[in-house]
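Notes for the structure review
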Amino acid sequence: MSAPDPDTDEIRRRQRARAIVMGLALGGFVILLYFITIARMGAQ
Amino acid sequence: MTTTTATPRTLPAEWRDFVELTKPKVMRLVVFTGLCGLLAAPVTMHPVLAFTAVLCIALGAGAAGALNQWYESDIDAVMKRTRSRPLPAGRMDRESALHFGVGLGIFSVLLMGLATNWFAAGVLAVSILFYVLVYTVWLKRRTPQNIVIGGAAGAFPPLVGWAAATGQADLLPLLLFAIVFLWTPPHFWALSMFVRSDYAKAGVPMLPVVAGVGATRVQIVLYSLPMAAAAVAPWPLGLAGAVYGLAAVAFSLIFLALAFRVLVNRSAEPAEMKPEKQLFAFSILYLFVLFGALVADKLLMP
């Protein structure tokens, strides 16, 4: 079995970090949308 | 505009590079003026909607910053102040920056429209397009008046904040727009005086490069005078109280005094441009104090 390519490791690390940030952003967006909906329903 | 990056790259950009693409330092002032425009409005917003409006202003500014960096990576690569940005440093490919900027811009406008109103979303869209198309693409490389007209882009946030709260534009937010619009030339020309060799190297026709430092010093004073008048105007017009009025008078006088010190400085050497550096630094504080005083005025004397 060949040793892992350091470049591939770095690519995977960056992809993982970006995926985590994107996941957090999407989660935050869903929560925000929920509260926006509640606020707008309250205003009506 | 060239289509090359400084170094070839194969690694995907770090998430931090996307954050850097949004010009977070510039965003601080944008967010602050937008928030103050929102808080100065005669309508109390639901905190969640107010937070969302300010978030949209920040994201819109970030989108404009990203698209600006996408278009200007060739200029950024030759300027000392900007060459470590993600694109000129080769940490990100141009396509990613373009997609990120366009996506963020559309997202910010849609979210603003859904959370507050479509008038505010429209003004936000105009501000992004103005910064990218009018300032970055059209004016910046063509005329030394680039930041005079382009300064309008940075003047939109208080108007967007007010529009998010009220759904319309009134005299006070238009005056706030005028203040930032007239503040931008002295602010940027003070900076461009002591980094003009950078602008000259990049081929950007900033006023000190094209007309010289003497003419720029005169222009700084000529723009500072109507800026100070616009800053004080809300008080006599009855749109703001004494807290704002006194702060506007005091800080505008200091601004004018610093502008006159710039006028009498005869040196063309960046190392001897202390008055220009002081004016640049004070101009940032000036805008923070002015907008902060407006909100404090409303809270203390409703």
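Given the structure is predicted, the values throughout are model-derived calculations rather than measurements.

On to the overall build of chain A, then. When you go through chain A residue by residue, the secondary structure sums to one helix and zero strands. Taking all 44 residues of chain A together, 11% fall into the buried category.

Across chain B, the average pLDDT comes to 92, with 96% of residues at 70 or higher. This model gives residues 1–8 of chain B a pLDDT under 50, and the stretch forms 14 contacts once residues within four places in sequence are excluded.

Okay, the packing of aromatic side chains next. Residues and elements named next belong to chain B. Overall, the coordinates contain 15 aromatic pairs over all chains when judged by the stated rule. Consider the rings of Phe 251 and Phe 282, whose centres lie 5.9 Å apart with planes at 5°: the pair is stacked. On the criterion of sequence distance, the pair formed by Phe 251 in helix α12 (residues 242–264) and Phe 282 in helix α13 (residues 274–300) is long-range, its members being 31 residues apart. Since its relative accessible area comes to 22%, Phe 251 is described here as partly exposed. Among the aromatic residues, those joined into a ring-pair cluster are Phe 130, Phe 156, Phe 177 and Phe 181. The ring of Phe 194 has Lys 277 lying over it, and the distance from NZ or CZ to the ring centre is 5.6 Å.

Once that is clear, we can look at the packing of helix α2 (residues 24–40) of chain B against helix α3 (residues 47–71) of chain B. Residue and element names in this part refer to chain B. Contact geometry for α2 and α3: axes closest at 9 Å, N-to-C directions at 145°. Judged by the sense of rotation from one axis to the other, the crossing of α2 with α3 is right-handed. Here Met 27, Val 30, Val 31, Gly 34, Leu 35 and Leu 38 of α2 come into contact with α3, specifically with Ala 50, Ala 53, Val 54, Ile 57, Ala 58, Ala 61 and Gly 62. Classifying every residue of the contact of α2 with α3 gives eleven nonpolar, two polar and no charged.

All right, on to unusual backbone geometry then. Residues and elements named next belong to chain B. We note that Lys 23 has phi near 50°; this positive angle belongs to a residue other than glycine. Counting through the fold element by element, Lys 23 comes out in the loop between α1 (15–21) and α2. You can call Lys 23 buried: its relative accessible area is 13%.

Here we take up the nonpolar core. All names here are of chain B. Residues Met 112, Ile 179, Trp 183, Tyr 244, Tyr 286 and Leu 290 are the most contacted members of the largest nonpolar core, which totals 91 residues. Two domains share this core, each providing at least three of its residues, namely domain 1 (16–168) and domain 2 (170–302). Among residues more than four places away in sequence, those in contact with Met 112 are Ala 53, Cys 56, Ile 57, Asn 117, Ala 120, Ala 121, Leu 124, Val 160 and Ala 164. If you look at the next biggest cluster of nonpolar residues, it comprises seven residues, including Ala 13, Ala 66, Leu 87 and Ala 97.

Attention now goes to the state of the cysteines. All names here are of chain B. For the structure on display, the rule yields zero disulfides over all chains. Distance from the sulfur of Cys 36, which forms no disulfide, to the nearest cysteine sulfur (Cys 56) is 18 Å. For Cys 36, a relative accessible area of 3% corresponds to the buried category. On the accessibility criterion, Cys 56 (0% relative accessible area) is buried.

Right, let's talk about the layout of surface pockets for a bit. Estimated volume of the second largest pocket: approximately 960 Å³. Lining the second largest pocket are 25 residues, and of these A:Met22, A:Ala25, B:Leu59, B:Phe100 and B:Leu104 sit closest to its centre. Of all elements in the fold, only α1 (6–43) of chain A together with α1, α2, α3 and α5 (94–115) of chain B reach the threshold of two or more residues within the lining of the second largest pocket. The biggest single contributor to the lining of the second largest pocket is α1(A), with nine residues.

To continue, consider the environment of B:Asp76. Residue and element names in this part refer to chain B. Within the secondary structure, Asp 76 sits in helix α4 (residues 73–78). When its relative accessible area of 2% is taken as the criterion, Asp 76 is described as buried. Those residues within four positions of Asp 76 in sequence are excluded, and the remaining contacts are Gln 69, Thr 82, Arg 83, Arg 85 and Pro 88. There is a polar contact of 3.2 Å between the side chain of Asp 76 and the side chain of Arg 85.

Residues and elements named next belong to chain B. As far as domains go, chain B holds domain 1 (16–168) and domain 2 (170–302). Each partner contributes residues to the interface: domain 1 has 34 residues there, and domain 2 has 31 residues. At the boundary of domain 1 with domain 2, total buried surface from both sides reaches about 2,900 Å², with 76% on carbon and sulfur atoms. There are zero salt bridges connecting domain 1 and domain 2. Counting the contacts that link domain 1 with domain 2 gives six residue pairs in polar contact (both at pLDDT 80 or more). With 13 residues, helix α7 (residues 146–166) is the single largest residue contributor to the side of domain 1 that touches domain 2.

Attention now moves to the interface of chain B and chain A. With 17 residues of chain B at the contact, the number on the chain A side is 15 residues. When chain B packs against chain A, the two sides together hide about 1,500 Å² of surface, and 71% of this comes from carbon and sulfur. Looking only at chain B, the three residues that lose the most surface to chain A are B:Leu11, B:Pro12 and B:Trp15, adding up to 35% of its buried area. Taken together, the connections running from chain B to chain A amount to two salt bridges.

About the thresholds
Residues numbered from 1 in each chain as written. Chains lettered and ligands numbered in written order. Predicted model: local features only at pLDDT ≥ 70, side-chain atom pairs only at ≥ 80, totals over all residues. Heavy atoms only, no water. Helix = DSSP H or I, 4+ residues; strand = E, 2+ residues; numbered from the N terminus. Buried < 20%, exposed > 50% of the residue type's maximum accessible area, 1.4 Å probe, protein only. pLDDT = per-residue confidence, 0-100. Contact = heavy atoms within 4.5 Å. Phe/Tyr/Trp six-rings, centres within 6.5 Å; stacked < 30°, edge-to-face > 60°. Lys NZ or Arg CZ within 6 Å of the ring centre and 35° of its normal. Axes fitted to C-alpha atoms, helices over the stretch in contact; angles between N-to-C directions. Left-handed = near helix turned anticlockwise from the far one by under 90°. Nonpolar A, V, L, I, M, F, W, Y, C, P; charged D, E, K, R; others polar. Core = buried A, V, L, I, M, F, W, Y, C linked by side-chain atoms within 4.5 Å. Domains from an automatic or database assignment. Disulfide = S-S within 2.5 Å. 1 Å grid on protein atoms, 1.4 Å probe; cavity = no way out; pocket = protein on both sides within 12 Å on 5 of 7 lines; lining within 4 Å. Points joined across faces, edges and corners; volume = space filled by probe spheres on them. Polar contact = N/O pair within 3.5 Å; in protein donor to acceptor, adjacent residues only side chain to side chain. Buried area = accessible area lost by both parts, 1.4 Å probe. Salt bridge = Lys/Arg side-chain N within 4 Å of Asp/Glu carboxyl O.

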